[in-house]
Amino acid sequence: MTVREPLRPVLYDDARDLVRLLDQKALPAEERWLELSTADAVAAAIKDLTVRGAPAIGVAAAYALAVEARRGAGPERLRAAADLLARARPTAVNLAWAVRRMSARLGAPAADVLAEAHAIRDEDEAACRRIGALGAPLVPARARVLTHCNAGALATAGYGTALGVVRAAVESGNAISVFADETRPFLQGARLTAWELHRDGIPVTLLTDGMAGWLMARGEIGCVVVGADRIAANGDVANKIGTYALAVLAAHHRLPFYVAAPWSTVDLATPTGADIPIEERGADEVVMLAGQRIAPVGVPARYPAFDVTPAALVTAIVTERGVVRAPHAAGLAALASTR
Ligand code: MRU
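Attention in this report is confined to the structure presented alongside it. (Residues numbered from 1 in each chain as written. Predicted model: local features only at pLDDT ≥ 70, side-chain atom pairs only at ≥ 80, totals over all residues. Heavy atoms only, no water.)

## Focus on the packing of helix α2 (residues 54-70) against helix α5 (residues 110-135)
- Their axes nearest at 8 Å, the elements α2 and α5 cross at an angle of 165°. Regarding the angle of α2 to α5, the classification is roughly antiparallel. The chirality of how α2 crosses α5 is left-handed. Contact residues: P55, V59, A62, Y63, L65, A66, A69 and R70 in α2; A110, A111, V113, L114, A117, H118, I120, R121 and D124 in α5.
- For the contact of α2 with α5, a count of residues per class yields 13 nonpolar, 1 polar and 3 charged. (Axes fitted to C-alpha atoms, helices over the stretch in contact; angles between N-to-C directions. Helix = DSSP H or I, 4+ residues; strand = E, 2+ residues; numbered from the N terminus. Parallel < 35°, antiparallel > 145°, perpendicular 65-115°, else oblique. Left-handed = near helix turned anticlockwise from the far one by under 90°. Contact = heavy atoms within 4.5 Å. Nonpolar A, V, L, I, M, F, W, Y, C, P; charged D, E, K, R; others polar.)

Written out as structure tokens, the structure is:
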């Protein structure tokens, strides 16, 4: 049997000094790779969701700083690039985390700056695989697993967080299947989660965002597994808009609600979910669908891109350092000192 190349959406071409991004706006119609040579271009790609998903934007920002260093940018230009990248999106803490980690190396030789970016990429994929190994045993046998947005290989350096748990469960012989919420308005579930699971031969069925409650009521869902953009010190979880509603539904139907995320998503400097900045994106992205206007001209729309699920609704947080259950704050604090 031929083993498929693992999906890695953010790469660096060492020979030509280019950041290579799988264009997530073009999927699933087209697998198109973009080659970028400046931090400005990568910051724009982060903002317009060409590359998206908390860990993936951190890796992209790290490579953006590496490409600038390798192409001879001086300290002032590097500082400005770091600032631009860190501000590209506010909610996923992995972005600021990766820029901070890279900033500590920007005075080093360019080869070392690139090595640090490669380390961030490699460590993220390793973390995802470990999250998968720790999370897979939590998934009930033959369960139908509900996920929201895309917390897969596409959203990380590779393998995925929520979908890493799914992949590891399948690899361990558990014949699970996935329900993927379409995830309005950018359709990360319909376009990306469905695409990557289908590509890897993992059974996936697409739902629109309002269907989960009814399927839970009918006993068709075994558990929920989602990713995270930021986890506050008290265990509150910011993730794609719609996640909070799923957590409430899961609690009502007594279903486990799992959050899978690397330690780089945990932000102990943010005390609670109320302190997490929530990105507001343009209303155009809501009133338009696939280039077509779907609402009357003149009707306003809102687009908070993320919501916060209170820790009390989270059955467990799966990180590469370990699995945290209530009391989440104590569990996260205990893992903070492990390495
Ligand atoms: O707006 P996006 O597509 O970047 O939002 C992504 C999510 O909400 C993911 O669930 C989260 O970043 C975790 S990715 C492993």
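On we go from here.
## As for the environment of R254
- Tracing the chain through its elements places R254 in the loop between α9 (243-252) and β10 (257-260).
- The class of R254 is exposed, set by a relative accessible area of 75%.
- Distance from R254 to G222, taken between C-alpha atoms, is 9.8 Å for residues 32 residues apart in sequence. (Buried < 20%, exposed > 50% of the residue type's maximum accessible area, 1.4 Å probe, protein only.)

## Notes on the sheet that holds strand β11 (residues 266-267)
- Sheet architecture is open: 4 strands sit in the order β11-β8-β9-β14, paired in mixed fashion. Strands with a single pairing partner mark the edges of an open sheet, and in this sheet they are β11 and β14 (306-309).
- With 2 bridges joining them, strand β8 (residues 230-232) and β11 adopt parallel strand pairing. Across the sheet, A232 pairs through a bridge with D267, a residue of β11. (Pairing = 2+ DSSP bridges.)

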